[in-house]
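This is what each chain is made of:
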Amino acid sequence: MSRLDDIPSSPGKFKMEKSTYLNRLRFQSPLTKFAFFSFFLLCFISVLFLRSPPSVYTQSDPSRRSLRTYSYSGPAFEKKLRNSAKIRTSSSNGITVLVTGAAGFVGTHVSAALKRRGDGVVGLDNFNDYYDPSLKRARQALLEQSGIFIVEGDINDVELLRKLFKIVSFTHVMHLAAQAGVRYAMENPSSYVHSNIAGFVNLLEVCKSVNPQPSIVWASSSSVYGLNTKVPFSEKDKTDQPASLYAATKKAGEEIAHTYNHIYGLSLTGLRFFTVYGPWGRPDMAYFFFTKDILKGKSISIFESANHGTVARDFTYIDDIVKGCLAALDTSEKSTGSGGKKKGPAQLRVFNLGNTSPVPVSDLVRILEKHLKVKAKKKMIKMPRNGDVPYTHANISLARSELGYKPTTDLQTGLKKFVRWYLSYYSGGKKSAAR
Ligand SMILES: O=C(O)[C@H]1O[C@H](OP(=O)(O)OP(=O)(O)OC[C@H]2O[C@@H](n3ccc(=O)[nH]c3=O)[C@H](O)[C@@H]2O)[C@H](O)[C@@H](O)[C@@H]1O
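I will try to describe carefully the structure that is included in this document. On a predicted model such as this, the values are computed, not experimentally measured, just so you know.

This brings us to the site of the ligand. Surrounding the ligand, one finds 23 residues, the nearest of these being Arg183, Ser221, Tyr246, Thr275 and Ser301. Phe273 is positioned with one of its backbone polar atoms (N or O) 3.1 Å from an oxygen atom of the ligand. Contact distances for the ligand include 2.9 Å between an oxygen atom and a backbone N or O atom of Phe303. When isolated, the ligand has an accessible area of 700 Å², and the protein chains bury 94% of it.

On to unusual backbone geometry. Here the residue pair Asn211 and Pro212 is connected by a cis peptide bond, since its omega of -5° sits within 30 degrees of zero. With respect to the secondary-structure elements, Pro212 resides in the loop between α7 (189-209) and β7 (215-221). Following Val231, the chain continues to Pro232 via a peptide bond in cis, the omega torsion being -10°. With respect to the helices and strands, the residue Pro232 is situated in the loop between β7 and α8 (245-264). Despite not being glycine, Phe127 has its phi angle at roughly 50°, a positive value. Mapped onto the elements, Phe127 comes out in the loop between β4 (120-125) and α5 (133-145).

Quick look at the pattern of salt bridges now. Enumeration over the complete set of coordinates arrives at 17 salt bridges. Asp388 is the salt-bridge partner of Arg313, the closest N and O atoms lying 3.4 Å from each other. Separated by 75 residues along the polypeptide, Arg313 in strand β12 (residues 312-313) and Asp388 in the loop between β16 (377-382) and α12 (397-403) bring together distant segments of the chain. The class of Arg313 is buried, set by a relative accessible area of 12%. The exposure class assigned to Asp388 is buried, which follows from its relative accessible area of 12%. A salt bridge links Arg366 to Asp363, with the nearest nitrogen and oxygen atoms 2.5 Å apart. Placement of both Arg366 and Asp363 in helix α11 (residues 361-372) is noted, with a separation of three residues, approximately one turn of the helix. Given the relative accessible area of 26%, Asp363 is considered partly exposed. Bridged by salt links that share partners, the residues Arg117, Asp119 and Asp330 form one connected network.

Analysis parameters
Residues numbered from 1 in each chain as written. Predicted model: local features only at pLDDT ≥ 70, side-chain atom pairs only at ≥ 80, totals over all residues. Heavy atoms only, no water. Near = heavy atom within 4 Å. Polar contact = N/O pair within 3.5 Å; in protein donor to acceptor, adjacent residues only side chain to side chain. Areas by Shrake-Rupley, 256 points an atom, 1.4 Å probe, with all protein chains shown as cover. Helix = DSSP H or I, 4+ residues; strand = E, 2+ residues; numbered from the N terminus. Salt bridge = Lys/Arg side-chain N within 4 Å of Asp/Glu carboxyl O. Buried < 20%, exposed > 50% of the residue type's maximum accessible area, 1.4 Å probe, protein only.

Honestly, it's all geometry; don't read function into it.
This is how it looks when you write it as structure tokens:
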């Protein structure tokens, strides 16, 4: 709200008194007169500057902003959007999807897969610098080659979201924009609230009020199982012991999804991803920065749980996750609300998308050593209390029966593909792997 808005707008509440002060003001010298008018001119310019035009977007998270401003209006912008959203004519039952977080790891792969099969895809991403934005730009360039336009903007920008829905009638939203990473939540907690809670609510607010309402599939996380000890993790299990703020915001997302489904009839499917890895992955994840550090000859820390216990993850390969995402979109039913009001019960689902075979982190390192042909300098350390959990293992029977989800890539094969990509992407020192 600008300071000008502080003045009450209803007539009668605030009456301007005719100022006698100005009448009484007499300038003692031309210099005083000049100073007086210069001061007013400056104030006027400042007010104009503060009230920047609505077609220019500035990112709203001051902790991790990119310095760009983005223009998202005009016929050229709309044309790009419409072209990107076009369903291929040969595709008989194509859908039109808004993919948030499209320049992210999972977002890029899902967008490309949708486009390949003929669906209309528009991306949205704020290109923040949580990790090297040049990797996000490279993914964007890749998607551009297949005709996918990524709008540069934040899910907290309600005006932008409304505008996108005004130009394109999206049938589905694949919501992958989020503040990811378990350990970073201790460094920058507000970024998790900003993206995973406020941003999600903003998106749902817009989705509930557009006509027709889209169906929404969104990324939850295996981390919602928190400190649970019963394995494998099932969707039927309680999820009330998050070990990190990240996990807590994803859990909150699931509850928020319930609310919007209940009140507004939005069709919502949450996908609990289990440690997704692969080519074009995230530099903040262990398999990625282990690779970088092993190649540099730097030592890596492998976490152990209490009493030298094994820390393990149900690492899941990106192609399997993409199949799960597409199946979730294809099986999602229509939202039932209109005019911002629920007209009947709507679909509400949560699925585990894991690999069903947990691997100790020390084995992950052994596989990397083999593919990289370099011995790692390893340090075994006690898992710091920073949000990590010792073990994850997905029960995927629900996803198998409802989505036909069936992961097929083991960690050996998946890491081989990752290493091949990593070496070619960062080859010749052209790009230095940055976190
Ligand atoms: O499955 C999920 O829900 C989550 O998966 C990952 O989180 P995480 O499983 O912790 O993945 P990494 O950060 O790559 O860690 C993988 C394993 O390596 C271990 N680790 C990590 C860092 C390190 O220096 N040493 C180490 O042994 C961790 O404890 C963990 O067991 C993602 O970062 C989250 O965004 C995602 O939501």
